[in-house]
Amino acid sequence: MQNSKRMMVAGNWKMNGNLEMLSHFKSSLPVFENIDVVLCVPSVYIKEAVGANFSVGAQDCSEHESGAYTGDISLSMLAELGAEHVIIGHSERRQAYSETNERVAIKAEKALENGFVPIVCVGEPLEVRESGNVFEFVGEQLAAILNRCKQQLDKLVIAYEPIWAIGTGKTASPEQAQEVHAFIRSELKKSSELYSQISILYGGSVTDVNAAELFAQHDIDGALVGGASLKVDSFKIICEHANKRN
Ligand SMILES: O=C(CO)COP(=O)(O)O
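Position numbers for residues count from 1 along each chain, tracking the sequence in the order it is written. In keeping with the predicted nature of the model, local features appear solely for residues at pLDDT of at least 70, side-chain atom pairs appear and are counted solely at 80 or more, and the whole-chain, interface and lining totals rest on all residues.

The next thing to look at is the sheet that holds strand β1 (residues 7–12). Whether two strands pair comes down to DSSP finding at least two bridges between them. Secondary structure elements are defined from DSSP: runs of H or I of at least 4 residues count as helices, runs of E of at least 2 residues count as strands, and each element is numbered from the N terminus. Sheet architecture is closed into a barrel: eight strands sit in the order β1-β2-β3-β4-β5-β6-β7-β8, paired in parallel fashion. In this sheet, neighbouring strand axes are inclined to one another by 25° on average, regardless of whether the strands run parallel or antiparallel. Relative to strand β8 (residues 222–225), strand β7 (residues 199–203) runs parallel, the two sharing two bridges. In the sheet register, Tyr202 faces β8, and the bridge partner there is Ala223. Helix axes are fitted only over the stretch in contact, all axes being lines through C-alpha atoms; the angle between N-to-C directions runs from 0 to 180 degrees.

Shown next, in the form of structure tokens:
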């Protein structure tokens, strides 16, 4: 039995793209009736991205509301531009900007308070997978998030992105991904009766070629797509696969 919730396909452009590419996406992506399609563009493009057949997300947010935080962008600013989703705790930010589990959890909590759908990322580096400690590592990341976001868990989206699969072309096998998704679901179950309503996306070298077999897994509710979200044709095919599953 598949979960009954809607599938989501979210594109993460990271620091890529330009206005011309955005305009191409806006005019080319059709409506997908059965799924939520989100494009997380660099923040400077959010306002321009709004108004097409997809929702718009940011790739990070500040945990502060305003003040002397040079370079930060607050949730209320992102909301003003029209963003409804926000990626939080992406491994690139955890690694390059030293974002701790607690800071990620605070951002997720603030995002929920501000009416956003936070897409909160978890996932292990290669050495953790090789040492057999995936559940322990992901479990700790998740615990911090669940602890802070208890009140509105049904609004949360979790993205499992094993770091060794990001941008490497080496995707987790459907079985490897399903195993961790089932673990995440079981942890969610301990925290909330709403566990079955929380979408768990898979991210890490998702392409138009491997999306269907990933989406066929019981606990995979969609994808967070990096490289393949930069080409409208591949992103569209991934959306079509998700749309068919629902
Ligand atoms: O980091 C990712 C999405 O957030 C995944 O990136 P790739 O799809 O390029 O591996």
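Let's pick the thread back up.
Take the UniProt feature "active site" (unreviewed entry) in the protein next. UniProt positions are given in the numbering used here, feature names are shortened, and annotations may be inferred rather than shown by experiment. The positions that UniProt labels "active site" (unreviewed entry) are, in the present scheme, His90 and Glu161. The largest pairwise C-alpha distance within this set of annotated residues, which runs over 72 residues, is 8.4 Å, so the set is compact in three dimensions. Following the sequence through the fold, His90 ends up in the loop between β4 (85–88) and α4 (91–96). Exposure is read from a count of other C-beta atoms within 10 Å of each residue's own; the residue is exposed at 12 or fewer, buried at 20 or more and partly exposed in between. C-beta atoms are placed from the backbone. Overall, the presence of 27 C-beta atoms within 10 Å leaves His90 in the buried class. Note on contacts: residues are paired as contacts if their backbone-placed C-beta atoms lie within 7 Å. Residues contacting His90, with those up to four places away along its chain left out, are Gln59 and Cys121. Looking at the element boundaries, Glu161 is found in the loop between β6 (157–160) and α8 (174–191).

This part is about the site of the ligand. Any residue qualifies as near a molecule or strand once its backbone-derived C-beta atom lies within 6 Å of it. Surveying the vicinity of the ligand reveals 14 residues, the closest of which are Asn12, Gly203, Ser205, Gly226 and Gly227. In terms of residue class, the shell around the ligand is made up of five nonpolar, eight polar and one charged. Only Asp, Glu, Lys and Arg are considered charged, only Ala, Val, Leu, Ile, Met, Phe, Trp, Tyr, Cys and Pro nonpolar, and every remaining residue, Gly among them, polar.

Another aspect to go through is helix α5 (residues 101–113). Each residue after the first adds 1.5 Å to the expected span of a helix. The end-to-end C-alpha separation of α5 is 18 Å, in line with the 18 Å expected for 13 residues at 1.5 Å each. Along α5, the residues that are buried comprise Val104, Ala105, Lys107, Ala108, Glu109, Lys110, Ala111 and Leu112. Where α5 is buried, its residues contact α3 (75–81), β4, β5 (117–122) and α7 (134–149). Two residues or fewer past α5, Gly115 is found with a positive phi of approximately 80°.

To continue, consider unusual backbone geometry. A positive phi is found at Lys14, a non-glycine position, where the angle reads about 50°. Tracing the sequence through the fold places Lys14 in the loop between β1 and α1 (19–28). Look at Ser205: it is not a glycine, yet its phi comes out positive at around 60°. Inspection of the secondary structure assignment puts Ser205 in the loop between β7 and α9 (211–215).

What follows is about the packing of α7 against α8. The N-to-C vectors of α7 and α8 enclose an angle of 40°; their axes lie 10 Å apart at closest approach. With respect to α8, the axis of α7 lies oblique. Crossing hand, α7 versus α8: right-handed. Here Val134, Phe135, Val138, Gly139, Leu142 and Leu146 of α7 lie close against α8, whose contacting residues are Val180, Phe183, Ile184, Glu187 and Ser191. Throughout, the term roughly parallel applies to angles under 35 degrees, roughly antiparallel to angles over 145, roughly perpendicular to angles from 65 to 115, and oblique to all others. Whether a crossing is left-handed or right-handed is set by the direction in which the near helix is turned from the far one by less than a right angle, anticlockwise for left-handed and clockwise for right-handed.

Our next topic: the confidence of the model for the protein. By definition, pLDDT measures how confident the predictor is in each residue, and it falls between 0 and 100. Averaged over the protein, the pLDDT score is 95; the fraction of residues at 70 or greater is 98%. Predicted as a complex, the structure gets a pTM of 0.96 and an ipTM equal to 0.99.

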